[in-house]
Structure formats: structure tokens, C-alpha cells
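One letter stands for each residue in the lines below.
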Amino acid sequence: MVVPVVREGRTIGTLSALNKVDSNSGLSPFPAFDQDDIDVLTLLADLVVLAQKMEATARNEYEQRRELSVLYQATQTVSGSLSVQKVMEEVLEAVCAHLEHHAAVFFLLNDDRTHLYIAAERGLAPEESDIQLSVETGIHAQVLNSGTPMLLTDTDTREDYVDMSERTHSLSVMYAPVRSREEKYGLLIVTSLQRNVYHP
């Protein structure tokens, strides 16, 4: 007996039951399956779907609480300080407290607007604090110029990805532009050494 496990009109699996025959007697210790048995199995399949939906709802609720916590903490930071450096440091603290990460870095445009330099960071080695990124090439340049955030779930699929670190290889990366209206200031980049860590 096999029934489909259907979620939102799409079959995501099956639930099966087998009525075995006793090898000694050649008879089944249970009567043959009938419609009542199929109804019970269908009900159990529906419970599997319900459990999946409840898990997804709990996960979404957790994500929303986390986002609100990050926003609240960042708002408290910005409203409590006039120091740009302190704001960047506090925002990085909030990011690192709520997101899985290997590194979190604020890059700002230099005075000539030709490169991005590290203004604040978490997770980089001391010798990496002088890293600069070009504003002309690479994914970071695309994000800076377009003003649109970007998420990479697997950097190995992108030939234009430039890693910030020479000692490690990041596999998941989030880019967020730092801007005010049309004015570009830099980027906030968060990386992980695992694939598929971040989502929109």
C-alpha cells in the first residue's frame, strides 16, 4: 500500500506499508489492506506535511525575530553615537552576533574613489588589514556601482569572485552597498567558509 505525500499540490514523497506473509504458514497475520487502511495511511501522510509546515513556520519565526533583533541593535547603535567608526564597529558586532560568519568587513571608498579600503573588520588576520579592492572589476565593483545587494551561495560557481583572504576560501558571501541616495560610500561584506549559509 502506497500513498503520496502531497504539499501545496506537489508530491514530495510517498508513505508505504507492507502486509508481510508469515514464512512458516504462508499466511499473513493481518487481514488484507482495505480502504480504511488507505485512509489511515493518507491521514499519516497528511500529518507528515503538517509537521513540515510547522517546522517551516517555526524557522520563519526564528528568522524574523533574528532580523528584528539585528535592526533593533543597529538602531540603538546609530541613534546613540555620532562617530562613524563607532557605528561601523557596533554594526559589525550586531552582524557577527546574529549571522554565521568567517569575516565581516566594512570597505569604504578612498579619497580618489579608485579603491575600497578596510575601515572596520571582524575575522581577518592582522596581515590582511591592508587589503584594497578595485572599484572597476569583480563582483564587489558590480554591487558598489549598481547599489543592489548580492548573495552568493557558492563562490566556486563564479569566475569573477575575488576572495578577500589569501589564507582561506569563502564559499558563501553577502554584499550590501553603503550609500545615501545616489552617493556611494562603500560596501559591507560578510563571508562564510560553508556553502549555502545565507538566504535572501
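Everything numeric here is computed off the predicted structure, so don't read it as measured data.

A. Local environment of the side chain of Thr191. Mapped onto the elements, Thr191 comes out in strand E8 (residues 183-192). Residue classification places Thr191 among the buried positions, given a relative accessible area of 1%.

B. Looking closely at unusual backbone geometry. Residues other than glycine seldom take positive phi values, yet Glu8 does so here, at roughly 55 degrees. Located in the positive-phi region is Asn196, a residue other than glycine, with phi close to 55 degrees. Within the fold, Asn196 resides in the segment after E8.

C. Highlighting the sheet that holds strand E4 (residues 115-122). Spatially, the six strands line up as an open sheet ordered E5-E4-E3-E8-E7-E6, and their pairing is antiparallel. Where the open sheet ends on each side, the last strands, each with one partner, are strand E5 (132-134) and strand E6 (150-152). Within this sheet the neighbouring strands show an average axis-to-axis angle of 25 degrees, counted without direction. Sheet topology note: the E4/E5 ladder contains three bridges and is antiparallel. Among the inter-strand pairings, Leu116 is bridged to a residue of E5, identified as Leu133. Along the sheet face, helix H2 (residues 84-98) touches strand E3 (103-109), E4 and E8 and points at about 60 degrees away from the line of E4.

D. How the structure looks around the pairing of strand E7 (residues 172-180). Sheet analysis places E6 next to E7, joined by three bridges and oriented antiparallel. Bridge pairing in E7 places Met150 opposite Tyr175. Taken together, E7 and the strand that follows it, E8, pair antiparallel across an intervening segment of two residues, in which Arg181 is found at a positive phi of about 50 degrees.

What counts, and at which threshold
Each chain carries its own residue numbering, running from 1 in the direction its sequence is written. Where local features are concerned, this predicted model is filtered to residues with pLDDT of at least 70; where side-chain atom pairs are given and counted, the filter is 80 or more; whole-chain, interface and lining totals use all residues. Neither water nor hydrogens contribute to the side-chain values; these are computed over all heavy atoms in the structure. Going along the chain from the N terminus, every DSSP run of H or I of four or more residues is numbered as a helix, and every run of E of two or more is numbered as a strand. Exposed residues in this analysis have more than 50% of their type's maximum accessible area, buried residues have under 20%, and partly exposed residues fall in between, with area computed by a 1.4 Å probe over protein chains only. Pairing between strands requires that DSSP locate at least two bridges from one strand to the other. For helices, the axis comes from a line fit to the C-alpha atoms of the stretch in contact; other axes are also lines fit to C-alpha atoms, and the angle between any two N-to-C directions lies between 0 and 180 degrees. A contact between two residues is defined here by any heavy atoms of the two lying within 4.5 Å.

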